[in-house]
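The primary structure of each chain is shown beneath.
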Amino acid sequence: GAVDVDGYLTNDVEVFSSQGPVASDVVKPELVGPDGLSVAAYGNRGFFGTSASTPAIVGMLAQIMSEDPTLTPQGAAERLKGWAWNTGANASFDDPRWGFGKARLPVKNSNAQGCGTNPWLLPLFLVPLGWFRRPTSRRT
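Figured I'd write up the structure that's included with this text.

Each value, and the rule that gives it
Along each chain, the written sequence defines residue order, and numbers are assigned to residues from 1. Per-residue local features of the predicted model are confined to residues with pLDDT of at least 70, and side-chain atom pairs are confined, for both listing and counting, to 80 or more; whole-chain, interface and lining totals are unaffected and use all residues. Side-chain metrics rest on all non-hydrogen atoms present in the structure, leaving aside hydrogens and water. In this analysis, axes come from line fits to C-alpha atoms, helices being fitted only over the stretch in contact, and the angle between any two N-to-C directions falls in the range 0 to 180 degrees. Numbering of helices and strands starts at the N terminus; helices are DSSP runs of H or I of at least 4 residues and strands are runs of E of at least 2. Orientation categories follow fixed angle ranges, with anything under 35 degrees roughly parallel, anything over 145 roughly antiparallel, 65 to 115 roughly perpendicular, and all other angles oblique. For any pair of crossing helices, the crossing counts as left-handed if the nearer helix is rotated counterclockwise from the farther one by less than a right angle, and right-handed if it is rotated clockwise. Note on contacts: a residue pair is in contact if any heavy atoms of the two residues lie within 4.5 Å. Gly is put with the polar residues, along with every residue not named as nonpolar or charged; the nonpolar set is Ala, Val, Leu, Ile, Met, Phe, Trp, Tyr, Cys and Pro, and the charged set is Asp, Glu, Lys and Arg. What makes a nonpolar core is a set of buried Ala, Val, Leu, Ile, Met, Phe, Trp, Tyr and Cys residues whose side-chain atoms join them at distances within 4.5 Å. For the exposure calls, accessible area comes from a 1.4 Å probe over protein chains only, and a residue counts as buried if that area is under 20% of its type's maximum, exposed if over 50%, partly exposed in between. Each patch is assembled from residues with relative accessible area greater than 30% and no salt bridge, linking like charges that lie within 9 Å and nonpolar side chains (Val, Leu, Ile, Met, Phe, Trp, Tyr) that lie within 5 Å. Exposure was quantified through the Shrake-Rupley algorithm and a 1.4 Å probe, taking into account, for residues, occlusion by the shown protein chains and nothing else. For salt bridges, the criterion is a side-chain nitrogen of Lys or Arg within 4 Å of an Asp or Glu carboxyl oxygen.

1. Points about the packing of helix 1 (residues 50–67) against helix 2 (residues 73–83)
Then, in step 1: It is the contact of helix 1 with helix 2, at a shortest axis distance of 9 Å, that shows an interaxial angle of 110°. Regarding the angle of helix 1 to helix 2, the classification is roughly perpendicular. The element helix 1 and its partner helix 2 pack so that their crossing is right-handed. Taken together, the residues of helix 2 that come into contact with helix 1 (itself represented by Ile 57, Met 60, Leu 61, Ile 64 and Met 65) are Pro 73, Ala 76, Ala 77, Arg 79, Leu 80 and Trp 83.
Then, in step 2: Partitioned by chemical class, the residues of the contact of helix 1 with helix 2 number 10 nonpolar, no polar and one charged.

2. Observations regarding the nonpolar core
Then, in step 1: The biggest cluster of nonpolar side chains holds 16 residues, and the ones touching the most others in it are Leu 31, Ile 64, Leu 80 and Ala 103.
Then, in step 2: Elements represented by at least two residues in this core include exactly helix 1 and helix 2.
Then, in step 3: Looking at this core, the element that brings in the most residues is helix 1, giving three residues.
Then, in step 4: In this structure, Leu 37, Val 39, Ala 52 and Ala 56 belong to the second largest nonpolar core, which totals five residues.

3. Focus on a nonpolar patch on the surface
Then, in step 1: A contiguous nonpolar surface patch, about 360 Å² in accessible area, is contributed by Val 15, Phe 16 and Phe 48.
Then, in step 2: Considering the arrangement of structural elements, one finds Phe 16 in the loop between strand 1 (2–4) and strand 2 (33–35).
Then, in step 3: Its relative accessible area of 49% is what places Phe 16 among the partly exposed residues.

And the structure:
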């Protein structure tokens, strides 16, 4: 799922974000992440949708796994679910709009505010500049 990054903790899920459960009755999404992100390809217009929120969540998972190399991807996902911001009445239950809640990482700097109101979102450079180079012609 996707939530606009501006007002991330107070915004509802984007209207275009799919809601669960899926056809097999599996509750989805498990988490929602930020969209409206600035990346090289979109600039200040923002990159919206689950195509933006999914890489942001994957970046958070990568950060978790880099801090604890013994974690499996499933273990890292369970940690992220445990840190999710969920303001619903049933915070421990999978909500069909946002699953466990809004993905966030805890603040690592003791001088920063706690993660209850200000999540630390991993800055992502989703599109390396090298991807925009024009292919050079090869002569044989």
